[in-house]
Amino acid sequence: MADLKIYRASTTAPVNIAVIKYWGKRDPALNLPTNSSLSVTLSQSDLRTHTTASCSPAFDHPDTLLLNNAPQSLSTPRSLACLRSLRALRSGLEDADPSLPKLSTLPLRLASANNFPTAAGLASSAAGFAALVRAIADLYALRQSPTELSLIARQGSGSACRSLLGGYVAWDHGTRADGLDSRARLVAPKAHWPDMRALILVVSAAKKGVSSTAGMQTTVQTSSLFQTRAKEVVPKRMAEMEHAILSKDFETFAKVTMRESNSFHATCLDTDPPIFYLNDVSRAAIKAVEETNDKAGRTIAAYTFDAGPNAVIYYQKADEDAVLKTFLPILRQKEGWGETDTKIDDPGPASPQVVEALEAGVSRVILTSVGEGPISVQEHLIDDEGKPVIT
Ligand code: DP6
């Protein structure tokens, strides 16, 4: 009888939020960046993609992917590049050991689910491609390290390469034309600085803005600020940031994070036509952080924004009450707030205009912390007959 076995492997992968931003490609085909970047991996209890990779001689071609139960295309150049690289590595193992099943030739059936709203602009492509690559690598029993696999995830989405590792992760831009030195590197594991917290303010955006991929291409072509940023500003800040993380110097971490976010958004504004990712609610969040730091008399909180209006505010556990106090009167009623065990009840230092803007514009709050890299799990989103499990 023919072998109709269904092979499966499942993983969860985290979201990461950059404190030194990736913005600009030196090679769009290989997805190579103009500058290095650095991010904090966030806890998967709050934000994660769960992916099951399966293959079987019983499956039909072509490869398929379901995301939150809806079919997605796997025929984009980015997805095809990831699948091709993973199959090539598996095929190498099969050539070396003919007793191995020829999984590299079988159709893949993939199923993914996010534990957060996919359209909320929360770096879902980073977690998504990291989970896809990790799950297929596990299915194929590949022996490559997370850093080696990050070369593959990078081709899916640049920021995804950093989600292959936990803690504090750099993506070195590399100089080789083939991109083999453009990969993720562990700066420090979560255990080195476990007290890092992140408060995410999900801002209700009326419409989706310019995508990162399209936006950064226009910036490279038109912004003169961008050149200085890539050549001078970022290399200096990468060194400062790595040092701040290794010495757990929150003050420097925070100052570099905020200036970095502002520098990135300045290059967006310097793009022709200009790209506006921040809105009035984002600016109110910046003000709230400034007021919190002023009140504390030191820098206890740092904001950062990606390609959208959502604010991510980093702070340390020891300063949780002082930071959350600012947001408490604003956010108590918002979805997600209930998950904190903080006992503060007196109002914080935010001014009435700031409170009003945040109250009107923030739709959801996520309180989370630094977290681990991808985790292999036994819960499969494809059952043992190859059918998707509805999530
Ligand atoms: C602003 O990784 O989404 O979040 O490589 O084109 O998929 P592609 O871009 P993507 O860009 C992320 C940009 C950013 C900054 C960052 O995460 O470093």
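Note that the coordinates shown come from a computational prediction; the quantities given were computed from them, not determined experimentally.

Draft legend 1. Up close: the packing of helix α1 (residues 77-96) against helix α3 (residues 146-156). Across the interface, α1 lies against α3 with an axial gap of 7 Å and an inter-helix angle of 155 degrees. Considered as vectors, α1 and α3 are oriented roughly antiparallel to each other. Residue-level inspection shows R78, A81, C82, S85, L86 and L89 of α1 in contact with α3, the latter providing I152, Q155 and G156. A per-class count over the contact of α1 with α3 returns 5 nonpolar, 3 polar and 1 charged.

Draft legend 2. Local environment of the site of the ligand. Close contacts around the ligand come from 17 residues, with Y22, K25, S157, G158 and S159 the closest. Contacts to the ligand include R78, whose side-chain N or O atom sits 2.8 Å from an oxygen atom. A distance of 2.7 Å separates an oxygen atom of the ligand from a polar side-chain atom of S157. Alone, the ligand offers 460 Å² of accessible surface; in the complex the protein occludes 94% of this. At 3 residues, helix α4 (residues 212-222) tops the list of elements feeding residues into the shell around the ligand.

Draft legend 3. Spatial organisation of the sheet that holds strand β5 (residues 37-41). Here 4 strands make up an open sheet; going across it, the order is β2-β5-β10-β11 and the pairing antiparallel. The open sheet has two free edges, formed respectively by β2 (16-20) and β11 (184-188), since each of these has just one partner strand. Ignoring strand direction, the axes of neighbouring strands in this sheet form an average angle of 35 degrees. Here strand β10 (residues 168-171) runs beside β11; their pairing, made up of 4 bridges, is antiparallel. In the strand pairing of β11, V169 is matched with L186. Running over the sheet, helix α6 (residues 250-269) touches β2 and β5 and is turned about 90 degrees from β2.

Basis of the calculations
Within each chain, residues carry numbers counting from 1 in the order of the written sequence. Since the coordinates come from a predicted model, pLDDT governs what is reported: local features require at least 70, and pairs of side-chain atoms require 80 or more to be given and counted, while whole-chain, interface and lining totals use all residues. Hydrogens are left out, water is left out, and the side-chain values use all remaining heavy atoms of the structure. Interaxial angle, 0 to 180 degrees, is taken between N-to-C directions of lines fitted to C-alpha atoms, where a helix line uses only the stretch in contact. Each helix is a run of DSSP H or I of at least 4 residues and each strand a run of E of at least 2, with the numbering of both proceeding from the N terminus. Small angles under 35 degrees read as roughly parallel and large ones over 145 as roughly antiparallel, with 65 to 115 read as roughly perpendicular and the rest as oblique. We call two residues in contact whenever any of their non-hydrogen atoms come within 4.5 Å of each other. Here the nonpolar group is Ala, Val, Leu, Ile, Met, Phe, Trp, Tyr, Cys and Pro; Asp, Glu, Lys and Arg are the charged ones; every other residue, Gly included, is treated as polar. Here a residue counts as near a molecule or strand whenever at least one of its heavy atoms sits within 4 Å of it. Here a polar contact is taken to be a pair of N or O atoms separated by no more than 3.5 Å, where protein atoms must pair a possible hydrogen donor with a possible acceptor and residues adjacent in sequence count only if both atoms sit in side chains. In this description, accessible areas are obtained by the Shrake-Rupley approach with a 1.4 Å probe, and a residue is regarded as covered only by the protein chains that are shown. Whether two strands pair comes down to DSSP finding at least two bridges between them.

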